[in-house]
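Read off the chains here:
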There are 2 protein chains.
Amino acid sequence: LKRIRIDASKSYTVAVGSGCVAELGRELKAVAETARVMIVSDDNVYPLYGEKVRKVLETAGYTASQFVFPHGEAHKNLDTYGLLLEQLCAENYSRSDLILALGGGVTGDLAGFAAATYQRGIRFVQLPTTLLAAVDASVGGKTAVDLKGGKNQVGAFCQPSLVLCDTELLSTLPDTEFRAGMAEVIKYGAIGDSELFKLLENTDMETLRKGGDNQLLEAVIARCVEQKKQFVQNDEFDTGSRMLLNFGHTFGHGIEAASGFRVPHGYAVAAGMCIISRAAETRGLCGRETRRRIEALTEKYGLPTGTEFTGEQMLPYIASDKKVSGRQVKLVVTDRIGHAGLVPVNVAELSEWLKDGGVK
Amino acid sequence: LKRIRIDASKSYTVAVGSGCVAELGRELKAVAETARVMIVSDDNVYPLYGEKVRKVLETAGYTASQFVFPHGEAHKNLDTYGLLLEQLCAENYSRSDLILALGGGVTGDLAGFAAATYQRGIRFVQLPTTLLAAVDASVGGKTAVDLKGGKNQVGAFCQPSLVLCDTELLSTLPDTEFRAGMAEVIKYGAIGDSELFKLLENTDMETLRKGGDNQLLEAVIARCVEQKKQFVQNDEFDTGSRMLLNFGHTFGHGIEAASGFRVPHGYAVAAGMCIISRAAETRGLCGRETRRRIEALTEKYGLPTGTEFTGEQMLPYIASDKKVSGRQVKLVVTDRIGHAGLVPVNVAELSEWLKDGGVK
């Protein structure tokens, strides 16, 4: 069990290890001696792990109930948020109780936003069940739901009280889900950890995702969490260096949204990293070898390096992104493996960037 | 123009004065040199002051649009919140823009919660148009909307960037609205400012609410804001002394909710202060003279000292209040004028308290 201590506006522990769900009861004692726990999960994940988690909680003396919603990004909206809040209220949940997110990024985002705002904030615990959530969504306290007009347009900063990341759950993920998570892992390597990037170049997906006591996967996740920790501690409220974590995300969101969210987040981010790297290369902002290694690693893990959607389809969504301030957007460019920077670009120039990145 | 500087997690100015809406453009320059401003207001207030505010903004070089919703607490819900968010998104509002609440407590709560969560937080300016909002809701950063299951059950802490309180707008308020605000003014006197309490005993409502350059009203509002400032600076996130501001509110919420929100907030709080004071007197926690003066001042300003609703009708709402932690609730008791404390009470004992407070 690797333990990483995050010191943001609130301090909490991210524990990574094989089979650590069994430790939930013990770990939770440090957060709340007694409490009622609302397990928030979707209808894919709850049938797999919900009852196991509930038993662990009840054995440790907690009372649990559950809110299970239909899976998928399409349900990460104000309607589902409202239903969860009304259930918390109907069951008389109070500020001494807590919400436990059991699932991937959608579940964590939704449950976290509810935890941030129900009675102006109750405690929040995360059990990520996807690689994406483990390396990214579970650390940093960004929570959100989507509006009809855009992804993650409503939300709050809400640090969890505890994150338990059980690698055993991740090794059974479908291929697509695991690959989607790898996109964020590659991102961490590209923007801030050249050793991690090399490690990924020198291993393969089968080795990373094998079940049992998988020390390699544990190490890779811990490494991503450690890096995100640095960004979050330096810039919790995302006004400076933390923006570097958006590498691949600005164009990625354009792809996701243009597809009506049928392209998974990780796949879109992978394509976004490659597109921006190619566009940056033509402007002398990213070295040829750097761009080549990013594309090669993306391909190695079965992720797309481009998109079928056109710039025209993507642009309206990119222009309404939260990262747009006035008429300018700060694009993240990896100039060499392990190092990234922000490039301010006028919204009017984005279509040129997309074209140079190989988008039709 | 009286200026009060609030230093919470964010610093901002509350300016109180007659006709100060005209200064909005100049005051706003310190907050944002250029920005788009979404004026949030209800269908009572916008027709009165909306176009005036918009002109002041446009003269100062800002672009304004408006979100006007049906007036009343019944519309302070997730549906109206969702409509406002979708409009912000549809009009491409970004983090460099701001929301301006023009109205009473409902408008401030709704607009503030939207500002706290839209794109995880954009700036927020308040122009209170009721006495209640001026002395209470505009300071302190508590924002919220109601759930079907309870009042103010979802929300966030969100400090405004600027509050402009124009006493000219308040002097034209309907009687009922002005009285409702007086309940909170009396509360400030009771829990923490015996001089203010005496001042209220020695004046009357007509003097307080006369139009023109009303220095007395300006002074009373500034005094309430100064006091709230102390509570907020000491306990921004409402885990300790700030709870004293809830004097009259726990039972008041019971009355409001039992009436289906037909009893205005201020009226319910007034009754709540008298009920808790009588109940506290029977337990030796509040002096006879203190209880008498609270009742007398409440009556003097035309506010109710009790309720027609029964304990049975009120209790379910009180028991689901945010202030209930586990099975205990902390009731605020004014032991002598200008001083209050918290009394932890078991939820099971609340019906006895209500009975002793004169509730049927």
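Residues numbered from 1 in each chain as written. Chains lettered and ligands numbered in written order. Predicted model: local features only at pLDDT ≥ 70, side-chain atom pairs only at ≥ 80, totals over all residues. Heavy atoms only, no water.

Some remarks on the interface of chain A and chain B
Formally: Contacts: residue pairs with any heavy atoms within 4.5 Å of one another. When two parts are put together, the accessible area they lose, computed with a 1.4 Å probe and summed over both, is reported as buried area. Just to be clear on terms, a salt bridge is a Lys or Arg side-chain nitrogen sitting within 4 Å of an Asp or Glu carboxyl oxygen. As used in this structure description, the phrase polar contact means that two N or O atoms lie within 3.5 Å; if the pair is within protein, one of them must be able to donate a hydrogen and the other to accept it, and residues adjacent in sequence are counted only when both atoms belong to side chains. Helix numbers and strand numbers start at the N terminus; a helix is a DSSP run of H or I with at least 4 residues, a strand a run of E with at least 2.
The interface of chain A with chain B comprises 35 residues on the first partner and 35 residues on the second. Of the roughly 2,800 Å² buried where chain A meets chain B, counting both sides, 54% is carbon and sulfur surface. At the junction of chain A and chain B, the tally comes to zero salt bridges. Connecting chain A to chain B are ten residue pairs in polar contact (both at pLDDT 80 or more). Counting residues per element, the ones that place at least two in the side of chain A that touches chain B are α3 (78-90), α4 (105-117), β7 (142-147), β8 (150-157) and β10 (324-325) of chain A. The element that contributes the greatest number of residues to the side of chain A that touches chain B is β8(A), accounting for seven residues.

Let's talk about the pattern of salt bridges
This is how it is decided: Summary of the burial criterion: residues with accessible area below 20% of their type's maximum are buried, those above 50% are exposed, and those between are partly exposed, where the area comes from a 1.4 Å probe applied to protein chains only.
In the structure shown here, the tally under the stated rule is 46 salt bridges over all chains. The salt bridge involving A:K151 is made with A:E256; its shortest N-O contact spans 3.4 Å. You can see A:K151 sitting in strand β8 and its partner A:E256 sitting in helix α11 (residues 249-258), a full 105 residues away along the chain. In terms of burial, A:K151 and A:E256 fall into one category: buried. Of the charged contacts, one joins B:D356 and B:R283 as a salt bridge, the two residues approaching to 2.9 Å between their closest N and O atoms. Placement of B:D356 in helix α15 (residues 350-356) and of B:R283 in the loop between α12 (265-282) and α13 (288-300) is noted, with a sequence separation of 73 residues between them. Residues participating in the shared-partner salt-bridge network are A:E73, A:K76, A:D109, A:D146, A:K151 and A:E256.

Observations concerning the side chain of B:T307
All names here are of chain B. Relative to the assigned elements, T307 resides in the loop between α13 and α14 (311-319). On the basis of relative accessible area, T307 is assigned to the buried category, the value being 14%. The contact partners of T307, leaving out residues within four places of it in the chain, are I255, I275, M314 and V359.

Examining the relation of the copies chain A and chain B
What counts here: When the copies are overlaid, the least-squares fit takes in C-alpha atoms only where the residue has pLDDT of at least 70 in both copies.
Overlaying chain A with chain B gives an RMSD of 0.0 Å, the required rotation being 180° about an axis along which the chain moves by 0.0 Å. Both chain copies can therefore be described as sitting about a two-fold axis. When the interface residues of chain A are mapped onto chain B, 100% of them again lie at the interface, so the same face is used by both copies.

Examining the confidence of the model for chain A
Formally: pLDDT expresses how confident the predictor is about each individual residue, on a scale running from 0 to 100.
Confidence along chain A averages 92 in pLDDT terms, with 99% of residues attaining 70 or more. Complex prediction metrics read pTM 0.88 and ipTM 0.86.

Observations concerning the side chain of A:Q159
On the secondary structure map, A:Q159 appears in the loop between β8 and β9 (162-166). Among the polar contacts made by the side chain of A:Q159, one reaches the side chain of A:Y12 at a distance of 3.3 Å.

So, the packing of aromatic side chains
Working definition: an aromatic ring pair is given by the centre-to-centre distance plus the angle between the planes. Spelled out, the test is: Ring pairs are drawn from Phe, Tyr and Trp, using the six-membered ring of Trp, whenever the two centres fall within 6.5 Å, and their geometry is named by plane angle: stacked under 30 degrees, edge-to-face over 60, tilted for the rest. By definition, being over a ring means that NZ of Lys or CZ of Arg is both within 6 Å of the ring centre and within 35 degrees of the ring normal.
One pass over the full model with this rule turns up four aromatic pairs over all chains. Taking the centre distance of 6.3 Å and the plane angle of 25° together, the rings of B:F67 and B:F69 count as stacked. By relative accessible area, B:F67 is classed as buried at 6%. On the basis of relative accessible area, B:F69 is assigned to the buried category, the value being 2%. Ring geometry for B:Y81 and B:F113: centres 4.5 Å apart, planes at 15°, overall stacked. Within this pair, whereas B:Y81 is found in helix α3 (residues 78-90), its partner B:F113 is found in helix α4 (residues 105-117), the two being separated by 32 residues in sequence. One exposure class covers both B:Y81 and B:F113, and it is buried. The cationic tip of A:R36 hangs over the ring face of A:Y93; the distance from NZ or CZ to the ring centre is 4.4 Å. The ring of B:F157 carries A:R120 above its face, with NZ or CZ at 6.0 Å from the centroid.

A few points about the sheet that holds strand β2 (residues 11-17) of chain B
Residues and elements named next belong to chain B. Our working rule: At least two bridges found by DSSP between two strands are what make those strands a pair. Axes, fitted as lines to C-alpha atoms, cover a helix only where it is in contact. Angles between the N-to-C directions of the axes lie from 0 to 180 degrees.
Pairing is mixed across the open sheet formed by seven strands, whose spatial order is β1-β2-β9-β6-β5-β3-β4. Either end of the sheet is taken by a strand with one partner, and the two such strands are β1 (2-7) and β4 (63-69). Here the strands of the sheet are splayed against their neighbours by 20° on average, with no regard to which way each runs. In the sheet, β2 pairs with strand β9 (residues 162-166) via five bridges, with the strands oriented parallel. By the bridge assignment for β9, V14 is matched with V163. The sheet contacts of helix α2 (residues 46-59) involve β3 (36-42), β4, β5 (98-103) and β6 (123-128), and relative to β3 the element is tilted by about 170°. Strands in contact with helix α10 (residues 215-234) are β1, β2 and β9; relative to β1, the strand with the most contacts, it is inclined by about 10°.

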